[in-house]
Amino acid sequence: QVQLVESGGGLVQAGGSLRLSCAASGRTFSSYVMGWFRQAPGKDREFVAAISRSDTTTRYADSVKGRFTVSRDNAKNTVLLQMNSLKPEDTAVYYCAGDPGTTIFTVPRYYHYWGQGTQVTVTS
């Protein structure tokens, strides 16, 4: 089992940057595919990015491709989401999630473990 805690959210103007961090507890962090999702008020939770267990494969939602970068450090049990060129439509609560499988899924239901979320607000 792994416990996840996100940090790094905040308020930023459009065009700015934020870096989200997700700290994981447990000795099996490297066994999890790690994903980032977000949920805006009144909307479903949507996929943002994910990274394979060995840090060799990443996947992004089309809406963030070229602007966001996901990375992980298995030695530090941490996964990061660097967000550049932020837009007002990126405003949401961002969640870190872990999947003990090997496939990178973009659907929330495949992820077993979730953090509490961190708010990102982008003003125009």
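Look above for the structure.
Fair warning: this is a prediction, and the values are worked out from it, not measured in the lab. (Residues numbered from 1 in each chain as written. Predicted model: local features only at pLDDT ≥ 70, side-chain atom pairs only at ≥ 80, totals over all residues. Heavy atoms only, no water.)

Caption draft 1: Main features of the state of the cysteines. Applying the stated criterion to the full structure yields 1 disulfide. Disulfide pairing places Cys22 opposite Cys96 at an S-S distance of 2.1 Å. An S-S torsion of about -75 degrees defines the bridge between Cys22 and Cys96 as left-handed. On the criterion of sequence distance, the pair formed by Cys22 in strand β3 (residues 18–24) and Cys96 in strand β9 (residues 92–99) is long-range, its members being 74 residues apart. Of the residues examined, Cys96 reaches a relative accessible area of 0% and is grouped as buried. (Disulfide = S-S within 2.5 Å. Helix = DSSP H or I, 4+ residues; strand = E, 2+ residues; numbered from the N terminus. Buried < 20%, exposed > 50% of the residue type's maximum accessible area, 1.4 Å probe, protein only.)

Caption draft 2: Structural context of the nonpolar core. Core analysis: the biggest nonpolar cluster contains 36 residues, and Met34, Trp36, Val79, Leu81, Met83 and Tyr94 have the highest contact counts within it. Looking at this core element by element, the count peaks at 5 residues for strand β5 (residues 46–51). Contacts of Val79, omitting those with residues within four sequence positions, involve Leu20, Ser21, Cys22, Phe29, Met34, Trp36, Ile51, Val70, Ser71, Arg72 and Cys96. (Core = buried A, V, L, I, M, F, W, Y, C linked by side-chain atoms within 4.5 Å. Contact = heavy atoms within 4.5 Å.)

Caption draft 3: Structural context of the side chain of Asp90. Structurally, the position occupied by Asp90 is in the loop between β8 (78–83) and β9. The class of Asp90 is buried, set by a relative accessible area of 1%. A polar contact of 2.8 Å, which involves the side chain of Asp90, links it to the side chain of Arg67. Setting aside its immediate chain neighbours within four residues, Asp90 contacts Arg38, Arg67, Phe68, Ser85, Val120 and Val122. (Polar contact = N/O pair within 3.5 Å; in protein donor to acceptor, adjacent residues only side chain to side chain.)

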